[in-house]
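Coordinate inspection notes
Okay, here's what each chain looks like letter by letter:
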Amino acid sequence: MPKGRSRSPPGLQRVDAGPGDTNWLTGRTYSKRFFEILKSRRKLPCWQKRQEAVDMVQKHQSSVLIGETGSGKTTQVPQFLLAEFGSGKIAVTQPRRVAAMSVASRVAQEMDVELGQEVGYLIRFEDMTSESTRLKYMTDGMLLRECQTDPLMSQYSVIILDEAHERTLSTDILFGLLKEVLQRRPELRCLVMSATLEAEKFQEYWSGAPLLRIPGRMFPVETFFTLRPEKDYLAAAVETCCLINVHEGPGDILCFLCGEEEIEKACAEIEGRAEETGKNTLVLPLYSSLPMNQQRRVFPPAPEGARKIIVATNIAETSLTIDGVVFVVDPGLFKQMLYNPRTHVESLLVSPISKASAMQRAGRAGRTRPGKCFRLYTLETFEKELPESTYPEIIRSNLSAVVISLKKLGVDDIVHFDFMEPPSPEAMMRALEMLHFLGAIDDEGDLTDVGSRMADFPVDPHLSRTIIAASERACLTEVLAIIAMLSVPPPFSRPRYAQKAADRAHKHFASGYGDHLSLLNAFQAYVSSGSKTQFCQENFLSERNMKQAENVRKQLASIARKAKLEDASGEMLTHSIRRAFIEGFFMQCAHLDESGKHYLTVRDQQMVAIHPSSFLQHKPEWVLYHETVVTDRCYMRNATTIPPEMLIEASPKFYHPERCKLHEHARKILRRALPRVKS
Ligand code: CDP
Ligand code: MG
């Protein structure tokens, strides 16, 4: 081996390597796999433009890079910049947790380093980085959070805002913050990357930042519409996948659905039917709560003679690219968080995708050769009902979390903050009003001591307020466990073949007070069980979700320790726990109406029902609920009974029968409870 070659070449040349070179980051000899992956990386469209990309970023403080999904933006461009910039760290933001994890893992392989060392990721409740991390894939929310302690983002020399077209709340806010930071740090570089949408809007916002377009290779995609609207999109999607599998030539299928549950259901059905036909088929789910090792299974090509059918959420639209897809099945729907500032109701709703999204989805079929896209809606629906593009999150969300974190970041004048698209004054006002109710801001709109402590926790203001209350009421350990359980997907599994057995097992955890305390029972039983795997199997709990909850609890506890919150376990736990939750959720309560059949929410008198999965077996007069979900009707998920006197005690402003603005029937119940109130 000639001696000279082992020294790494300067700058950008370091990303390319030949036999005998050593890894410029670690000094170790490259593995065989490195060279195998390198071969395919060299063919990516971004690779052709690497010098231009690097030059652009060096010359300008902020620039924009646009390229088709799969061209190598997320995996390659950060590596080019790291090689060229040499020192300093690079942050690459992703709107989705899965994307951050999956891409970091891929890039670690590409760079021939161990994940968590030179290349790592940081997502809420999981830090996979170390001292030596130079390339950090992270959710946009986590970068925002880091700004609380490091407002100048001083550990980074380059910040890449990836998937900017998604226009998440956090990315939109980072835009505004970065604009100011760039003025104060002339050496800092910012690169906005996006699929081919809205390029002009970004350039305009960044006052004429240069734009580099990566030319995409796209094969034609033939698009089909249904002749009549489909009644049941799930059944139609399954049917279409099965028909393609039988009647179409080789090539993988990518089918878009809305959530974990329906994806698993679809996978099971498609698998069953594929077995009947005797076709060699690999059916793979892809959604954000799927464990890493299972997520990774979607990437490698299907074995010779087999076909992959991937059933995925929106995540496969632009965040992750799967090679080999020739057929796309698109029901035209996705799950979107929608917030109505007038009624304060925030719900995850299945909504129609935009035309731009429909084009992106179809595009997934034409990456390697001509493909087909089957849209499960009519041409008329496409033309008349789909919006041009998805609304940015900022104009359709509950802003209270944003307001509190901006205040903590020292942005006091939120109304004049440089938003790319300012939220409506009404939504802003509602957010301020709610924070005021929670005691997070004072009459002047300044963050209170409570508000400032709330901002330490990466959870919704209702929950962070509950945490603060719990530390004052000697039930922090328990409340953190409940919040951890509330923030993971529902852990109680109910397989179709064993529903009765599952219900029986779950009954052991039931608390007469309702779901919050039942979740606590399940969590505590899990933590103290001997073999956790066995415990979960016997009790029909999802071990993955329980593990995740355990992890979330640990993270929250460590934040609480750093924030020096009191943690002692006192008496009357069930009382204290419910009292703590009321402090955060007194606006999320509902009472039985006169008929005794329906519940009405206190905030907007909306008719709601207790979710069928609830542990509550009776209909208490008052319940507190964690969230509402809308399916065939509006349900409260995770509900707990609350004595009316506790409501008056916790928030006399809101619940005093003589002063409150509630429904007459609600006031009647409260009036009856008044003598029992301890003042
Ligand atoms: O960001 P962009 O959509 O432009 O592309 P990318 O995510 O950087 O993907 C570039 C290539 O890497 C694609 O061909 C992917 O299939 C491949 N890739 C992979 O094989 N495994 C991953 N976990 C991620 C990407
Ligand atoms: Mg990408």
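Residues numbered from 1 in each chain as written. Chains lettered and ligands numbered in written order. Predicted model: local features only at pLDDT ≥ 70, side-chain atom pairs only at ≥ 80, totals over all residues. Heavy atoms only, no water.

As recorded by an unreviewed UniProt entry, the protein chain carries the name RNA helicase and is attributed to Effrenium voratum. According to the UniProt record, the Catalytic activity (unreviewed entry) comment for the protein chain is "ATP + H2O = ADP + phosphate + H(+)". (UniProt positions renumbered as here; feature names shortened; annotations may be inferred.)

1. Some thoughts on the overall build of the protein chain
Counting its regular elements, the protein chain contains 27 helices and 21 strands. A compact globule built from 679 residues would reach a C-alpha radius of gyration of about 26 Å, and the protein chain, at 26 Å, matches this within 12%. With the C-alpha coordinates aligned to their principal axes, the bounding extent of the protein chain is approximately 90 × 65 × 55 Å. The buried share among the 679 residues of the protein chain stands at 56%. Taking contacts inside the protein chain between residues at least 6 apart in sequence as the whole, the part at least 24 apart equals 71%. (Helix = DSSP H or I, 4+ residues; strand = E, 2+ residues; numbered from the N terminus. Rg over C-alpha atoms; globule rule 2.2 N^0.38 Å. Buried < 20%, exposed > 50% of the residue type's maximum accessible area, 1.4 Å probe, protein only. Contact = heavy atoms within 4.5 Å.)

2. Comments concerning the nonpolar core
Among the nonpolar cores identified, the biggest contains 112 residues, and Phe581 and Tyr655 are the most heavily contacted of them. When residues in this core are grouped by element, the largest group, nine residues, is from helix H19 (residues 476–486). Leave out the neighbours within four places in its chain, and tyrosine 655 touches Phe586, Cys589, Val602, Trp622, Leu647, Ile648, Cys660, Leu662 and Leu670. Within the second largest apolar cluster, 59 residues are counted, among which are Ala83, Ala108, Leu254 and Ile310. (Core = buried A, V, L, I, M, F, W, Y, C linked by side-chain atoms within 4.5 Å.)

3. Points about the layout of surface pockets
In this structure, the second largest pocket encloses a volume near 1,100 Å³. When residues of the lining of the second largest pocket are traced back to their parent elements, those giving at least two are helix H1 (32–41), helix H4 (73–85), helix H5 (97–110) and helix H11 (292–296). The biggest single contributor to the lining of the second largest pocket is H5, with six residues. Along the lines of polarity and charge, the residues of the lining of the second largest pocket split into eleven nonpolar, 17 polar and 15 charged. (1 Å grid on protein atoms, 1.4 Å probe; cavity = no way out; pocket = protein on both sides within 12 Å on 5 of 7 lines; lining within 4 Å. Points joined across faces, edges and corners; volume = space filled by probe spheres on them. Nonpolar A, V, L, I, M, F, W, Y, C, P; charged D, E, K, R; others polar.)

4. Description of the site of ligand 1
The environment of ligand 1 is formed by 15 residues, the closest being Gly70, Lys73, Thr74, Thr75 and Asp323. One of the side-chain nitrogen or oxygen atoms of threonine 74 is found 2.6 Å away from an oxygen atom of ligand 1. Starting from 540 Å² of accessible surface for ligand 1 in isolation, the protein chains cover 92%. When atom positions are compared with the pocket grids, ligand 1 is found to occupy the second largest pocket. Among the elements that take part in the shell around ligand 1, H4 stands out by supplying three residues, more than any other. (Near = heavy atom within 4 Å. Polar contact = N/O pair within 3.5 Å; in protein donor to acceptor, adjacent residues only side chain to side chain. Areas by Shrake-Rupley, 256 points an atom, 1.4 Å probe, with all protein chains shown as cover. Sits in = over half its atoms within 2 Å of the grid points.)

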